[in-house]
Amino acid sequence: MSEALLTATGVTKSYGATPALRGVDVTVAAGEIVAITGPSGCGKSTLLHCLAGILRADQGSIVYRDQDINLWSEASRSRLRRTEFGVLFQFGQLVPELTAVENVALPLLLAGSGRREAGEAALGWLDRFGVADLAEQRPGAMSGGQQQRCAAARALVTEPRVIFADEPTGALDQLNGEQMMTAMVRAVREQDSSLVLVTHEASIAAYADREIVLRDGAADPSGIGIPG
Amino acid sequence: MSTAHVLLGLLAAGPRHGYDLKRAHDDRFPQAKPLAYGQVYATLGRLERDGLVVRSGQDQESGPERTSYELTDLGRERLDTWLTEVEPPAPYVSGTLFNKVVVALLASGIDQATGYLTAQRAAHVTRMRELTAIKTRPGANVGDVVAADYAIGHLDADLRWLRTTLARVAELQKEVTA
Ligand SMILES: Nc1ncnc2c1ncn2[C@@H]1O[C@H](COP(=O)(O)OP(=O)(O)O)[C@@H](O)[C@H]1O
Ligand SMILES: [Mg+2]
């Protein structure tokens, strides 16, 4: 658990004239769960999107397995996200026309798996998140909590090396959130992946091994994270 | 929460030795101070005197600590009564944490108070993480999980209050140094 898998150094990012990140350093070891916390607007989502290669940092480097992915082309970055990264947002964003099992199987199909193999794996992951009985339902027929469990299954189905989750329990009630976190943490531990978890809730950050507190776009070593 | 009622509750599942009771208590209430043996025996003595428990057996090879106790009908009744009584929603402001923060703010400078609050926050976060690990362990039983939830809920409330207090102290500092 000591080897650094992902190392971001001096990351800055502005939206027009608004600085969102002012030079942030983050290291994530293989097998480690790191929480990024802090008050609303402090730059958590921006940092996660930069780490996952969704946004390009203005300055700094984001080194994944010895390569600065911040310099990669969009195509290479998107391939990396499909193969070695898994991403989960606050609102699952399932494909509305597909059933739960089809949604979860999708990343495997895109990666070239066979239909049957992908379907079986997808069903297994739905089961781990307690929603196997909804396999044939479309997102419109599911509750928010059920959709989010499916989205979590979809993020993990390729057994990514790193999972990036942005407020994954933000739209869930307490128990649903807890159950989803438990299933996610167990899966991450089992497959020895890393998890970068953005949350503003202390009880969710407690699922991590370590937390990085942001304040105004920079790390706050005191961990206080008071806005302003 | 009284130790006597907790011991009655732990005996509801069947007779136990004092040592067992201590272990069961410490497992079930990880957020509480571990029970001292002396306290267990003193409490059992009082429960016995009041007819709420009786001695139900003794192991051959050992001394008084191997005596097992069981709940009487009266004990069961007392336990049921206690379980139906609503606790006064006592705020946690009687805790040492609060006392210390107030004393730190009054008796030492803002920097020292902030230092204390920051260190306390870190300790709370660490404990919350340990309790959360108990919940996510494969094979965690519902007893472990609800006990951890309880402790986490209170730590979380403390943390919110610590953060608000820190923010207030920071405001105060701005005023002072302005
Ligand atoms: N797409 C955007 N355009 C302009 N400003 C943005 C955009 N996204 C975020 N911001 C700003 O960047 C800062 C950091 O936002 P964000 O990373 O979303 O914070 P958090 O996730 O911690 O709430 C905020 O001031 C926010 O208003
Ligand atoms: Mg955000």
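- As annotated in an unreviewed UniProt entry, chain B carries the name PadR family transcriptional regulator and comes from Actinoplanes siamensis.

- Chain A is annotated in an unreviewed UniProt entry as ABC transporter ATP-binding protein of Actinoplanes siamensis.

### Digging into the packing of helix α3 (residues 100-110) of chain A against helix α5 (residues 144-156) of chain A
Residue and element names in this part refer to chain A.
Thinking step 1. Between α3 and α5, the least distance of the axes is 7 Å, while the angle of their chain directions is 25°. It follows from the interaxial angle that α3 and α5 lie roughly parallel. Crossing angle aside, the handedness with which α3 passes α5 is right-handed. Touching Ala100, Asn103, Val104 and Pro107 of α3 are Cys150, Ala153 and Arg154, all from α5.
Thinking step 2. Split into classes, the residues belonging to the contact of α3 with α5 amount to five nonpolar, one polar and one charged.

### Observations concerning the confidence of the model for chain B
Thinking step 1. On average, chain B scores 81 in pLDDT, and the residues at 70 or more come to 80%.
Thinking step 2. Note on the complex model: pTM 0.81, ipTM 0.84.

### Things to note about the packing of aromatic side chains
Thinking step 1. Taken as a whole, this structure holds three aromatic pairs over all chains when the rule is applied.
Thinking step 2. With centroids separated by 6.1 Å and ring planes inclined at 15°, the aromatic side chains of tyrosine 19 of chain B and tyrosine 37 of chain B adopt a geometry described as stacked. Separated by 18 residues along the polypeptide, tyrosine 19 of chain B in helix α2 (residues 18-28) and tyrosine 37 of chain B in helix α3 (residues 37-49) bring together distant segments of the chain.
Thinking step 3. A connected cluster of aromatic rings, assembled from ring pairs, spans Tyr64, Phe85 and Phe164 of chain A.
Thinking step 4. Across from the ring centre of tyrosine 37 of chain B, 5.5 Å away, lies the NZ or CZ of lysine 22 of chain B, which sits over that ring.

### Section: the interface of chain A and chain B
Thinking step 1. Across the boundary between the two partners, chain A contributes 18 residues, which contact 21 residues of chain B.
Thinking step 2. Between chain A and chain B we count two salt bridges in total.
Thinking step 3. Put simply, glutamate 211 of chain A and arginine 121 of chain B hold a salt bridge, and the shortest N to O gap is 3.0 Å.
Thinking step 4. Taken together, chain A and chain B are joined by five residue pairs in polar contact (both at pLDDT 80 or more).
Thinking step 5. Of all elements in the fold, only α6 (174-190), α7 (202-205) and β9 (210-215) of chain A reach the threshold of two or more residues within the side of chain A that touches chain B.
Thinking step 6. Looking at the side of chain A that touches chain B element by element, the count peaks at four residues for α6 of chain A.
Thinking step 7. Tallied by class, residues from the side of chain A that touches chain B come to eight nonpolar, five polar and five charged.

### What about the nonpolar core?
All names here are of chain A.
Thinking step 1. Counting 41 residues, the largest nonpolar core has Leu88, Trp125, Leu126, Phe129, Leu156, Met184 and Leu195 as the members making the most contacts within it.
Thinking step 2. Counting residues per element, the ones that place at least two in this core are β3 (33-37), α3, α4 (115-128), α5, β7 (162-166), α6, β8 (194-198) and α7.
Thinking step 3. Examining the composition of this core, we find that seven residues originate from one element, α6, more than from any other.
Thinking step 4. In this view, leucine 156 contacts Trp125, Phe129, Ile163, Met184, Ala187, Val188 and Gln191; residues no more than four positions away in its chain are not counted.
Thinking step 5. Counting 28 residues, the second largest nonpolar core, distinct from the first, contains Val11, Cys42, Ile62 and Val196.

### Regarding the site of ligand 1
Residue and element names in this part refer to chain A.
Thinking step 1. The environment of ligand 1 is made up of Tyr15, Ala20, Pro39, Ser40, Gly41, Cys42, Gly43, Lys44, Ser45 and Thr46.
Thinking step 2. A distance of 3.3 Å separates an oxygen atom of ligand 1 from a polar backbone atom of cysteine 42.
Thinking step 3. Threonine 46 is positioned with one of its side-chain polar atoms (N or O) 2.5 Å from an oxygen atom of ligand 1.
Thinking step 4. Bound to the protein, ligand 1 loses 57% of the 560 Å² it would expose on its own.
Thinking step 5. Of the residues forming the shell around ligand 1, the biggest block, three residues, is contributed by helix α1 (residues 44-51).
Thinking step 6. Of the residues belonging to the shell around ligand 1, the class tally is four nonpolar, five polar and one charged.

Calculation criteria
Residues numbered from 1 in each chain as written. Chains lettered and ligands numbered in written order. Predicted model: local features only at pLDDT ≥ 70, side-chain atom pairs only at ≥ 80, totals over all residues. Heavy atoms only, no water. Axes fitted to C-alpha atoms, helices over the stretch in contact; angles between N-to-C directions. Helix = DSSP H or I, 4+ residues; strand = E, 2+ residues; numbered from the N terminus. Parallel < 35°, antiparallel > 145°, perpendicular 65-115°, else oblique. Left-handed = near helix turned anticlockwise from the far one by under 90°. Contact = heavy atoms within 4.5 Å. Nonpolar A, V, L, I, M, F, W, Y, C, P; charged D, E, K, R; others polar. pLDDT = per-residue confidence, 0-100. Phe/Tyr/Trp six-rings, centres within 6.5 Å; stacked < 30°, edge-to-face > 60°. Lys NZ or Arg CZ within 6 Å of the ring centre and 35° of its normal. Salt bridge = Lys/Arg side-chain N within 4 Å of Asp/Glu carboxyl O. Polar contact = N/O pair within 3.5 Å; in protein donor to acceptor, adjacent residues only side chain to side chain. Core = buried A, V, L, I, M, F, W, Y, C linked by side-chain atoms within 4.5 Å. Buried < 20%, exposed > 50% of the residue type's maximum accessible area, 1.4 Å probe, protein only. Near = heavy atom within 4 Å. Areas by Shrake-Rupley, 256 points an atom, 1.4 Å probe, with all protein chains shown as cover.

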